[in-house]
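# Structural description and commentary
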Amino acid sequence: MVKQEVTGTWITLEKDLTLRVPSDPNVGYIEGDGVGPDIWAASSAVMDAAVARAYGGARKIHWFELMAGEKALKETGEWLPEKTLEDIRQCVVAIKGPLTTPVGEGLRSLNVTLRQVLDLYACVRPVRYFPGVPSPMKNPERVNMVVFRENTEDVYAGIEWSAGSPEALRLKGFLEKEFGVKLPDEPGIGIKPMSRAGTQRLVRRAIRYALDRKLASVTLVHKGNIMKYTEGAFRKWGYELAASEFAAETVTEAEVAEKYQGKAPEGRVVIKDRIADSMFQQALLRPSEYQVLATPNLNGDYLSDALAAQVGGLGMAPGANIGDQCAMFEATHGTAPKYAGLDKINPGSLILSGAMMLEYLGWGEAARLMEQALAATIQSGVVTYDLARQMEGAREVRCSEFGRAIIDRMGG
Ligand code: NAP
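This next bit is on the site of the ligand. Around the ligand, 22 residues are found, and the nearest of them are Gly-334, Ala-336, Lys-338, Tyr-339 and Tyr-385. Between the ligand and Thr-101 there is a distance of 2.9 Å, counted from an oxygen atom to a side-chain nitrogen or oxygen. Between a nitrogen atom of the ligand and a side-chain N or O atom of His-333, the distance comes to 3.1 Å. Bound to the protein, the ligand loses 66% of the 890 Å² it would expose on its own. Mapped by element, the contributors of at least two residues to the shell around the ligand are strand 15 (327-331) and helix 13 (385-388). For the shell around the ligand, the residue count by class is 8 nonpolar, 9 polar and 5 charged.

Quick look at the structure:
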């Protein structure tokens, strides 16, 4: 593999873990597999143009390629070389296209590995509507939520044994003997670990996000009525964290009803909770009552895809996996192999993830320029195939043309 030239300056972390971003940061990128190269070409051009227009050349991203997926396998013989993990830590901030999950026993998803090895504990997925995008909802514009999904615990921790394996049988024997529980013959067994520390660092981020943006509420979503010591504890630890660290800036929904005649005091974020199944109904029936959702891993996975569908689907859904030491922004859809290399797919998810990343760097002017230009492009009816097939009178363009149309609408 040819050694890459480093042309910019590294982003660093202050003692309190805030970012120190130079005007010429090296930002890591994983092009991705399948449609990855197509959406990466379109999205990086849009990001570069937005930064150039917003800051008149005073700021510029220096892209630093990170090897992962099929490209890494071809060049290094590994799906995710150790050097890539070191490079991501050095970059602090990175963005990725979709990666193939190698099929086979014992091979974990590269995405899950990246999240766990780099301790990217918060999966952040903003869900909002862009006018003109076809949606199954009557009023999709009422959906404007950000999901903070815990990324490292829960049944996703990967602690499981297949039915009939010696480990599963041994564990069954132990549980029956020591705790008197009755399990079916030859059960597959998975473990659902959830901790106070894991929950509270996620909820802390969700509350800070709401405070920074002056949002009305943070909702803890859980299935605590059934799984009392994991999901129920998530709820309890979430409220405890709000009370101990954000007492002056938050108020619970119960307090609003009891002490404030149903109206939250000005400037305070309301902390509430909903049982997961009820939250799916609320998201459909009363979406405008929810701003930030904090969820355990599995519920958050389901909920963020369902919410994305309400505003038009995964092709336009951005996301990020964020930890204390580094952050990885990503397209939330997969590699869509049947469209690989056809310059056809919608790059909207990666473009909006790029806007999220610029916001995270503190380059909000460039982020807004991207979002406004993308919204204007869709509203003018210029869209990729996935939206065109559902919109009357739309002009279908290629992935690269969609990117160029966005740049053309940035003005300047
Ligand atoms: P997928 O790649 O997301 O594609 C499924 C379908 O979704 C596509 O055929 C297409 O539907 C639609 N679609 C996805 N992205 C789109 C976009 N940008 N614009 C428009 N339409 C889009 O899901 P998959 O086929 O289940 O997964 C393929 C591979 O990706 C697997 O190896 C999987 O493990 C991996 N994966 C990776 C990630 C990740 O890296 N974050 C996430 C999910 C899956 P139509 O055919 O109807 O046009």
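Glancing now at the sheet that holds strand 5 (residues 93-96). Read across the open sheet, the 11 strands follow the order 4-3-5-15-14-6-7-13-10-12-11; overall the sheet is mixed. The open sheet terminates on both sides in strands that have one partner only, identified here as strand 4 (62-65) and strand 11 (250-252). Going from strand to strand, the sheet's axes swing by 25° on average, the running direction of each strand aside. Here strand 7 (residues 144-150) pairs with strand 13 (residues 292-295) via 4 bridges, running parallel.

This model, assessed by the stated rule, comprises 9 aromatic pairs. On the basis of an interplanar angle of 65° and a centroid distance of 5.8 Å, the ring pair of Tyr-55 and Trp-363 is categorised as edge-to-face. Here Trp-363 lies in the loop between helix 11 (348-360) and helix 12 (364-379) and Tyr-55 lies in helix 1 (residues 36-55), a separation of 308 residues in the sequence. Given the relative accessible area of 2%, Trp-363 is considered buried. When the ring centre of Tyr-209 is taken as origin, the NZ or CZ atom of Arg-213, which lies over that ring, is 3.8 Å away.

Phi is positive for Lys-214, close to 55°, though the residue is something other than glycine. Position of Lys-214 relative to the elements: it lies in the loop between helix 6 (196-212) and strand 10 (217-222).

About the thresholds
- Each residue is numbered by its place in its chain's sequence as written, counting from 1.
- Predicted model: local features are reported for residues with pLDDT of at least 70 only, side-chain atom pairs are reported and counted for 80 or more only, and whole-chain, interface and lining totals are derived from all residues.
- Calculation of side-chain values draws on the structure's entire complement of heavy atoms; hydrogens and water are dropped beforehand.
- Nearness is judged by heavy atoms alone; a residue qualifies as near a molecule or strand once a single heavy atom is within 4 Å of it.
- Definition of a polar contact: a pair of N or O atoms within 3.5 Å, with one able to donate and the other able to accept a hydrogen when the atoms are protein atoms, and with sequence-neighbouring residues admitted only if both atoms are side-chain atoms.
- Using a 1.4 Å probe, the Shrake-Rupley method yields the accessible areas, and only the shown protein chains count as cover for residues.
- Strands here are runs of E lasting at least two residues and helices are runs of H or I lasting at least four, both read from the DSSP assignment and numbered beginning at the N terminus.
- Each residue is assigned to one class: nonpolar for Ala, Val, Leu, Ile, Met, Phe, Trp, Tyr, Cys and Pro, charged for Asp, Glu, Lys and Arg, and polar for all the others, Gly among them.
- A strand pair is defined by DSSP finding two or more bridges across the two strands.
- Here the axes come from fitting lines to C-alpha atoms, over the contacting stretch only for helices, and the angles between their N-to-C directions go from 0 to 180 degrees.
- Here a pair means two rings of Phe, Tyr or Trp (six-membered ring of Trp) with centres within 6.5 Å. Their orientation is stacked below 30 degrees between planes, edge-to-face above 60, and tilted elsewhere.
- We call a residue buried when its accessible area falls under 20% of the maximum for its residue type, exposed when it is over 50%, and partly exposed in between, using a 1.4 Å probe and counting protein chains only.
- Placement of a positive charge over a ring is assigned whenever Lys NZ or Arg CZ falls within 6 Å of the ring centre and within 35 degrees of the normal to the ring plane.

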